[in-house]
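# Tertiary structure, described
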Amino acid sequence: MVQFFIDNFPLLRDAFLKTLELSVLAGLLALVLGTLLAAFRVSPILPLRGLATFYVETFRNTPLTVVFFFIIFGLPQIDFAVGFFTGAVLAVGLYTAAFVCEAVRSGINAVPPGQAEAARALGLTFGQSLREVVLPQAFRTVIPPLGNVLIAMVKNTSIAAGFAVTELTASLQRLSNANGGEILLVLLAVVAGYMLITLPAAYVVSRVERRVAILR
Amino acid sequence: MRITRPFAALAAMATAGAVLAGCSSDAGNQAEDAADDGAAAVATDASFEAGTTMADLNEAGAITIGTKYDQPGFGLLNPTTKAPEGFDVEMGKLIAGKLGIPEDKITWTETVSANRESFIQNGQVDLVIATYTINDKRKEVVDFAGPYYEAGQDIMVAKGNPLGIEGPDDLAGKNVCSVEGSTPAENIRTNYPEATLTLFDVYSKCADALTNGQVDAVTTDNVILTGLVAGNKEGFELVGNPFTEEPYGIGLAKGDQPFRDFVNDTLEESFDDGSWADAWDATAGAISGQEAPEPPTIDRY
Amino acid sequence: MSAPVLFDLPGPKARARIRIATVIGSLLVLAVIAFVLVRLGRNGQLDPQRWSVLFDPNSGVPQALWEALLRTLRVAAVGMVFATLLGLLLAVGRLSDHRPVRIAVTAVIEFFRAIPLLVVIFALYFVLPGLGIRLSAYAALTGGLVLYNMAVLAEIFRAGILSVDRGQSEAAYGIGLRKSQVMRLVLLPQAVRRMLPVLVAQLVVLLKDSSLGFIIGYFELLRQARSLVEFFTPRFGNQYTFQLYVAAGLIYIIVNVLLSQLAKYIEHRSRRSPKAAATHAVVLPDTPSVTGQTSI
């Protein structure tokens with residue numbers, strides 16, 4: 001058993017780092033794009049609102065596997081081939097952005113209307129009142145749900161295993177095939193890898209949640 | 001209003017569908033043309049020594065066979081008939097026939113590379129005929145009849161072989177596609193470490209990646225590649241230089257010597273009376289356009 | 001739409017600006033769509049023959065996709081029922097007064113929330129047989145969906161139960177109901193009513209997740225689409241690949257949008273219903289967190 005871990009440590013470590021890297025990059029993409037989409041969804045310009053709504057509804061209702069398929073094999077059909085890892089970051093990031101958008105939007109809606117009204121009364125523009133007044137407050141209340149979205153995203157990166165990214169789940173498939181007898185060990189190692197990311201993240205989220213709750 | 005919008009979209013799609021249904025598709029026409037092939041002979045008078053697996057199966061009049069559902073030419077699910085088709089499937093029908101079991105009493109179960117041994121060990125299937133390479137590691141947990149076919153790992157490249165790949169040694173520095181956890185992938189990883197491996201979960205994705213130029217080559221058993229080349233003769237070609245030996249065997253429960261002998265006898269008989277070659281011509285041969293090869297020698301280890 | 005809070009009702013100048021932005025925005029969107037269509041057309045993906053396979057009964061495709069959709073819906077429906085029941089049980093357990101129960105239930109919930117569903121399904125199908133427990137692909141997929149979603153739903157129910165006005169349970173205790181009665185007769189009915197839209201939203205998630213059945217070869221919609229692609233490949237190459245996956249994607253979107261509309265409709269109705277009055281005015285202590293959890 002010890003021998004098994006010594007033999008396969010490099011693979012498991014690399015796979016873990018791949019999952020982490022994919023999660024961080026996709027998470028950043030999702031946060032930036034999701035916030036932008038949320039701003040679109042509350043903006044006065046109709047096509048932007050429509051576009052953001054369409055985006056969110058499409059991505060929210062499509063399985064991530066299908067999104068992956070279109071990024072990896074659909075984009076080449078419009079002559080935009082991307083690398084497999086880049087494709088995975090795009091797929092997970094674009095998909096998660098829809099959920100980030102919804103979380104941020106519910107946060108914006110949770111900010112008391114008086115805040116926005118006051119900002120407007122001071123003569124701030126839409127962009128200013130959103131940037132200076134509403135979003136900072138919204139972000140505080142959306143940290144818990146946002147955290148949950150990002151934790152779910154870490155778990156969703158497992159789908160990249162089917163699309164040429166050797167992350168944790170791919171290593172599970174590889175090792176379980178090569179080590180029929182030790183499949184349980186392989187499973188434990190991979191589960192531990194995910195927990196190493198998700199459990200601390202969940203802890204941070206619940207801490208922040210508690211603090212925000214007191215502040216309110 | 002909100003609720004009606006999706007319905008409007010549905011209606012629009014239904015209209016588009018109705019228009020398109022007017023045209024016919026190549027796939028639909030082909031399916032119409034397909035004629036069914038002859039059924040394997042069923043030995044109605046088969047009798048076996050009591051207590052053997054053969055007697056049990058003959059008594060029950062039914063058998064469960066595991067095969068692959070995604071290997072063109074060997075075991076591929078037909079969406080219309082909902083049954084798998086291919087050379088492996090024909091082998092299964094031959095054996096079932098000798099047991100006095102007609103085709104419609106065979107229960108087909110999808111086995112994938114990762115669960116073939118456990119399906120046999122747990123008794124979930126009576127036989128596994130699933131492009132299943134005989135090797136010593138697997139012999140520790142299951143027994144093999146056969147081989148009934150000798151495959152070998154080969155390489156598929158884009159038409160015209162622009163990179164001049166003639167064998168596994170030319171894969172150094174190239175991007176090679178295969179399936180995660182498969183033996184061919186493992187072989188490349190250990191013996192040709194200079195090649196860059198791109199690993200999907202199915203070979204059809206590898207073929208797409210090769211079409212799109214996302215990988216330089218695809219490697220696995222030649223019979224699987226033949227199926228992929230057949231679908232896109234303008235796009236792919238086979239290097240045709242097999243560099244491993246993959247004898248395909250029929251997996252069955254470890255230690256069931258009488259059953260293994262029976263399957264081996266059945267295979268040898270089919271080699272001699274031509275039904276093996278007929279099965280080849282109707283399935284893998286029909287796809288690749290290749291004549292039936294010489295049958296392999298049964299290995300009664 | 002109610003009066004916007006984030007921007008003033010635009011004056012003439014702003015209206016002109018917005019109009020210009022609207023035109024430019026629309027043009028951009030149209031340009032992107034046109035670009036995609038042109039590129040697709042150039043690669044031959046818009047050939048009617050390639051799309052008609054989806055509607056041509058002779059190809060077996062429409063029937064196969066329809067049956068696969070039914071299998072997907074069946075897994076989702078069965079999974080949802082069991083996940084809801086177990087989720088309720090876990091939620092109640094997590095609010096239990098007994099510390100060991102609380103700890104055990106919390107551990108179960110947190111465990112299944114921490115690992116990917118794909119890994120759970122994989123374990124049920126490939127690892128359990130090694131321990132002598134055999135599951136069919138259908139059972140393994142449904143089981144995975146249940147285990148994963150019951151944990152998520154438990155958290156939703158917990159938030160829902162906590163959201164019921166404290167006066168309700170106090171009053172219930174006041175008229176002499178036992179603990180289990182308070183939960184069963186007073187808290188749960190109100191919490192579930194409040195949670196109905198979120199439940200349907202979770203059903204959408206579960207339906208999407210059923211596509212993970214591909215890893216164990218359960219023939220749900222996506223696996224069926226792939227199988228069709230593989231079946232056509234030896235004879236037609238990748239002619240139909242793009243079309244079949246687009247079809248599968250669209251079917252998911254349509255079914256899920258319909259379900260989401262159902263959720264909105266239920267929310268709308270339950271808001272009008274006088275029976276929901278007790279939870280009506282109550283602000284969920286962590287509403288965003290509830291919706292956040294369910295969304296993926």
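Cut-offs and rules
Residues numbered from 1 in each chain as written. Chains lettered and ligands numbered in written order. Predicted model: local features only at pLDDT ≥ 70, side-chain atom pairs only at ≥ 80, totals over all residues. Helix = DSSP H or I, 4+ residues; strand = E, 2+ residues; numbered from the N terminus. Buried ≥ 20, exposed ≤ 12 C-beta atoms within 10 Å, placed from the backbone. Contact = placed C-beta atoms within 7 Å. Pairing = 2+ DSSP bridges. Axes fitted to C-alpha atoms, helices over the stretch in contact; angles between N-to-C directions. Parallel < 35°, antiparallel > 145°, perpendicular 65-115°, else oblique. Left-handed = near helix turned anticlockwise from the far one by under 90°. Nonpolar A, V, L, I, M, F, W, Y, C, P; charged D, E, K, R; others polar. Domains from an automatic or database assignment.

## Topic: the overall build of chain B
- What chain B contains, in helices and strands, is 12 helices and 13 strands.
- Taken over 301 residues, chain B has a buried fraction of 48%.
- Considering only residue pairs separated by 6 or more positions, chain B has 69% of its internal contacts joining residues 24 or more positions apart.

## Considering the sheet that holds strand S9 (residues 175-179) of chain B
All names here are of chain B.
- Strand order in the open sheet formed by 5 strands is S10-S9-S11-S8-S12, and the pairing between neighbours is mixed. What marks the edges here is a single partner per strand, and that holds for strand S10 (196-200) and strand S12 (236-238). Along the sheet, successive strands turn relative to each other by an average axial angle of 30°, direction set aside.
- The pairing of strand S8 (residues 153-158) with S12 spans 3 bridges and is antiparallel. Within S12, the position partnered with Met 156 by the bridge is Leu 238.
- Sitting on the sheet, helix H7 (residues 183-191) is in contact with S8, S9, S10 and strand S11 (217-221), with an inclination near 145° to S9.

## Side note on the environment of Phe 87 of chain B
Residues and elements named next belong to chain B.
- With respect to the helices, strands and loops of the structure, Phe 87 is situated in helix H4 (residues 87-98).
- A tally of 29 C-beta atoms within 10 Å means that Phe 87 is categorised as buried.
- Expressed as a C-alpha distance, the spacing of Phe 87 and Gly 160, which sit 73 residues apart in the sequence, is 29 Å.
- With near-sequence residues (within four places) excluded, Phe 87 lies in contact with Gly 73, Phe 74, Ala 279, Trp 280, Thr 283 and Ala 284.

## Some words on the packing of helix H7 (residues 166-174) of chain C against helix H8 (residues 179-209) of chain C
All names here are of chain C.
- At a minimum axis separation of 10 Å, H7 and H8 run at an interaxial angle of 160°. Between H7 and H8, the angle falls in the class roughly antiparallel. The two elements H7 and H8 meet at a crossing, and its hand is right-handed. Along its contact with H7, which presents Gln 168, Ser 169, Ala 172 and Tyr 173, the element H8 presents Val 182, Val 186, Leu 187 and Gln 190.
- A breakdown of the residues in the contact of H7 with H8 according to their chemical character gives 5 nonpolar, 3 polar and no charged.

## Quick notes on the sheet that holds strand S1 (residues 63-67) of chain B
Residue and element names in this part refer to chain B.
- Pairing is mixed across the open sheet formed by 5 strands, whose spatial order is S5-S1-S6-S13-S7. At either margin of the open sheet sits one strand with a lone partner, and together these are strand S5 (106-110) and strand S7 (142-151). Between one strand axis and the next, the sheet turns by 25° as a mean value, whatever way the strands run.
- Where S7 lies against strand S13 (residues 246-253), 7 bridges are found, and the strand directions are antiparallel. Along S13, the bridge assignment pairs Ala 145 with Ile 250.

## Considering the interface of chain B and chain A
- Facing the 14 residues of chain B at the interface are 15 residues of chain A.
- Element by element, the count of residues in the side of chain B that touches chain A is highest for S10 of chain B, at 3 residues.

## A short note on the domain arrangement of chain B
Residue and element names in this part refer to chain B.
- Structurally, chain B comprises domain 1 (53-151 + 246-288) and domain 2 (153-238).
- Taking only C-alpha atoms into account, the centre of domain 1 sits 27 Å from that of domain 2.
- The interface is formed by 14 residues belonging to domain 1 together with 12 residues belonging to domain 2.
- Sorting the residues of the side of domain 1 that touches domain 2 by element identifies strand S2 (70-71), strand S6 (127-133) and helix H12 (284-288) as the ones contributing at least two each.
- In terms of residue count, H12 provides more of the side of domain 1 that touches domain 2 than any other element does, 3 residues in total.
- Residues belonging to the side of domain 1 that touches domain 2 are distributed by class as follows: 6 nonpolar, 6 polar and 2 charged.

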